[in-house]
Amino acid sequence: MEHMLKRRLEWFVESKNILAKTQYGFRKGLSTTDSIAILTTDIRIALSNNQFLVGVFLDISAAYDNVLLPVLRQKLLNLSIPVRLAYFVCNLLMERSIQVRVQGSLLEPRRVWRGLPQGSVLSPLLYSLYTYDLELCVNSFCNVLQYADDLVLYVSSDSLEEATTKLNQALLYLEDWLSDHGLSLSVGKSSAVVFTRKRSFPDVDISFAGEQIPVCQGVKFLGIYLDKTMSGKDHLNYIVDKCEKNINILRSLSGVWWGSHPYSQKLVYNAIVRSIFDYGSLVLEPCNKTALRTLDKVQYQCLRIILGAMKSSPTNALQVEALDPPLDTRRSYLADRYFSKVIQYNNHPLLPKLELLSSIIPRNNYWFHKEHPCLIKSLQKFKALEYKCFQTNINPLFLTSFDSLLFKPNIMLSFGILKDSPGANAIFDDKINSAYNDWLHLYTDASKADDGRVGAAVWAPKYSTLLSFKCPPICTVFTGEAVALLEAVKFIRAHNFQKTIIFSDSLSCLYAIDSNQFTSISKSPLILQVREILYDCHINNIEVVIAWIPSHTGIRGNEVVDSFAREAITSGCADHYQFYALDLACMAKVDLNKAWQKSWDRSKQVKGRYYGDIQPEIPSKPWFFRYRSADKQTTSVICRLRIGHACTPLNLFKLKIRNSPMCDCGTEEGSTDHIFFNCPLQPISLYDILPSKIPRPINMKSLLLFTNTPFIRLFCKYIHRCDIKL
C-alpha cells in the first residue's frame, strides 16, 4: 500500500514541480553525484577567481523523528495535494503507538504524535515535502544544497568577511524556520570549511543559536572528503584505507594455485573494490597526482590477485588481461555517463556552472599546470557533436500520464517462432491466417550503417505504405527500433484502425515497453511516448498487439522492412534526427574503448611488448570468462604465460632469483618452449595433444594467440594433467 501511495504522490509532486530545486535526495534521475558535482564546480570557480568559498555543512538532529505531523498535513493541503490522498497519508502516520521492551518485559504502549516512521518508503518523499520551502528562507543570502536531511549552505566572495556575514544572516533565518518546524541542528556535528588557495588557515566566526560552528580544513560530504584546497589527498587516502580490508576478502578467496575462478574474483572485485574507486571519482580530478598513483597501485594489486600474476608483470598488461581499464580512463568514462544524464535536463543547475568554468579555464593561470576536470572534458565532447539532443525540464517519466504508466500493453514476447526455426515463414503465415487474418499487419525495423547512421522503417503491406526515418550516427539501434514503433502506433491512431498487430524483431524494445516504468532503470522518452499512445488507443477501443519475431529467419514482411530500414539511412525523413541520453551513454563506452586502445598502443611500446604481440587489441571479454570450468591453477599458468612473466628457470634467472637459466632436467635453458615441448621431466609433450592442423614446429607465443579458440580447452587439460605450476 505504501509503495502505491508513494508512486502516486511522487508522480503528482514531480509532474507539478513542487519539490525544492535544491533537493537531490531520493528523487528519480537525481543522486548524490548531482550535489557533489555542483558543489565542487562552484568551489573550482571560486578558486579560479582567487575567491573564498565558505561552506557550512549542517547536521539536523533526528530529522525524520521530529517532523510535526499537523504541520506536514497543512503543507500537503497548501501544496494542492489531492485532499483524499493527503488525509490518507496522514492517517497512516498519526496516532501510532510504540512499546519498549526492557529486560524481557514490555512497558505500557505510548502514542507517537510526531515523526516519520524509519524504514517506510514514504518517509523520504514526505520529508522532502516537509522541507520544500527551506531554501526560500536562506537562498537570498547563499547557495543551498539538500540531500534528504543533509544540508549545505555556501557563499563565494572576494571578501572573507562578506561571505561570513551572509552565512551568519542565513543561519539566523534558518534557525527560525527550524524552530517553526520542530527541528534543530546538532552544532557539534556541523562544520564550516573555507575553500581557498591561500596557505594560511583563515579565522572565521560562524555561529548558530549563539554556539560557534567548528571550522575545519576539510569535511566529509555525502561520502566524499573535500579539503580546503581541493587536492583530493584526504579522500584518496580514505579510499586506499577502505579498500585494504576488501582486498583481504579477495586474498582469502584464492591464492595463486588454489581457490575461486578469476571470473568470480573479478565480479567480487567490481563489487567491493572498484565500486569504491568509482564513487565520486569523476569530481576528483584535478587532484594530487601522487595520491592518484597510490590508487593505481591498489588496482594493480587486485588484478595480480585475480590473475595469479607475478609482481614483475607489466601493469598495462594486467589491465588488458583482466579487462579493467586504467583508472584515469575509467574516470573520464564515468564523467561521460553522468553527463549524459545531466544534459537531458535543460534546466539542470550544473550546466550553467560547467559553462562558466569552461570559459574561465583557458585564460586562467590557476589551470595552467592542471588537468581539466572530467566534467569539463565531457562538456567539450558534447559541444563537438553536430546533432541535436533531446532535452526536457522534467524527468520524462513524470511528463507521461499516470494512467499510461499503469497501463499493461498487449505485448507478445513469443510468437511461437524460434531464431533457427526451419520454414519460419510458413509457420508465421499459418499463425497469421489462424489468429490474425482480419487484422492490419505492420512491420517495423531499424538498421545501422558502418558509419554509425541509423535508419528506421514501418511497412504496411495491405496498403503498400512505407514510413521511413533517419537518425544521426550517434544513435543506437535501440533508438531506431523505438522510433519505428512510435511511428507505427501514431499511424494506427491517426487512421483509427480497429485491430492491428505490429511485428518487431527488437526484443529489447518490447521488454522496455512491457516493463514496470517506475522500477525500470532506463526511462527512454520514446518508449514512454509509445506507451502513452497505446493507452490512448486502449481507451478508444482500438486494439493493438505488438509481437516479437526473430530477425533474418526468412519471414517475408520482416525481410522487406529490413531492406527499407537500410534505405532509410540516407533517404528517410529527418523528423527524428536527434539523439537521446541513452545514446550518449552508449557513446561513452565507445570513447572509453578508443581512449584505452590508444593508450595501450602507446604504452606497449615501452613495457608489455611480449603481451602486446599476443593481445594487440583490447578484447571484448577476458579470455577466462569463456572457460569457467578451468581451475585457478590452470588459469593462473595461462595468464602468466600470456603476460610473459612466469616462474620458468629462464625468467627467474633474469629476475636474479635463480643462479642459472638451465632447466632442472639439465638439457636446455628453462624457457616455456622447452618446458612444454622438449622437457623430459614432463610426462608427455604438448606436441602429443596438439591437433594435426596446427603446424610443427611451433612456439608457445604463437599458441597463446589461440586463447579464444577451442584449442584452449586442450591446453587447460594438458596443464591440469601435468600439474604444471609456473
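Refer to the structure above for everything that follows.
Please read all numbers here as calculations on a predicted model, not as lab measurements.

Enquirer: Sorry if this is basic, but what is going on with the nonpolar core here?
Expert: For soluble globular proteins, nonpolar side chains are generally found buried alongside one another. Core analysis: the largest hydrophobic core is formed by 157 residues, its most contacted members being Ile-81, Leu-153 and Leu-174. It is helix 17 (residues 477–495) that contributes the most residues to this core, ten residues altogether. Setting aside chain neighbours within four positions, we find Leu-174 in contact with Leu-58, Leu-134, Cys-137, Val-138, Leu-151, Leu-153, Leu-185 and Phe-208. Core analysis: the second largest hydrophobic core is formed by 65 residues, Leu-307, Ala-317, Ile-643 and Leu-726 among them.

Enquirer: Help me out: how do you make sense of the packing of aromatic side chains in this one?
Expert: In this description, a pair of aromatic rings is defined by centroid distance and the angle of the planes. Throughout the structure, instances matching the rule amount to 33 aromatic pairs. On the basis of an interplanar angle of 40° and a centroid distance of 6.0 Å, the ring pair of Phe-26 and Tyr-147 is categorised as tilted. Placement of Phe-26 in the loop between helix 1 (2–15) and helix 2 (32–48) and of Tyr-147 in strand 6 (residues 143–147) is noted, with a sequence separation of 121 residues between them. Taking the relative accessible area as the measure of exposure, Phe-26 reaches 52% and is therefore exposed.

Enquirer: Explain the sheet that holds strand 20 (residues 543–548) here, please?
Expert: Strand pairing within a sheet occurs via backbone hydrogen bonds; the two strands may be parallel or antiparallel. Spatially, six strands are ordered 15-20-19-16-17-18 in an open sheet, and the strand pairing comes out mixed. The open sheet has two edge strands, strand 15 (411–412) and strand 18 (465–471), and neither has a second partner. One ladder, built from two bridges, connects strand 15 with strand 20; its direction is parallel. Bridge pairing in strand 20 links Met-412 to Ala-547. Against the sheet, helix 17 makes contact with strand 16 (440–448), strand 17 (454–460), strand 18, strand 19 (499–504) and strand 20, and its axis sits at roughly 155° relative to strand 16, the strand it touches most.

Enquirer: Whenever I open this one, the environment of Pro-314 confuses me. Can you help?
Expert: With respect to the helices and strands, Pro-314 occurs in the loop between helix 9 (289–307) and helix 10 (315–322). What makes Pro-314 buried here is its relative accessible area of 11%. Measuring from C-alpha to C-alpha, the distance between Pro-314 and Tyr-300 comes to 9.4 Å, with 14 residues separating the pair along the chain. Setting aside residues up to four positions removed in sequence, Pro-314 forms contacts with Gly-608, Ile-643 and His-645.

So, how was this worked out
Residues numbered from 1 in each chain as written. Predicted model: local features only at pLDDT ≥ 70, side-chain atom pairs only at ≥ 80, totals over all residues. Heavy atoms only, no water. Core = buried A, V, L, I, M, F, W, Y, C linked by side-chain atoms within 4.5 Å. Buried < 20%, exposed > 50% of the residue type's maximum accessible area, 1.4 Å probe, protein only. Helix = DSSP H or I, 4+ residues; strand = E, 2+ residues; numbered from the N terminus. Contact = heavy atoms within 4.5 Å. Phe/Tyr/Trp six-rings, centres within 6.5 Å; stacked < 30°, edge-to-face > 60°. Pairing = 2+ DSSP bridges. Axes fitted to C-alpha atoms, helices over the stretch in contact; angles between N-to-C directions.

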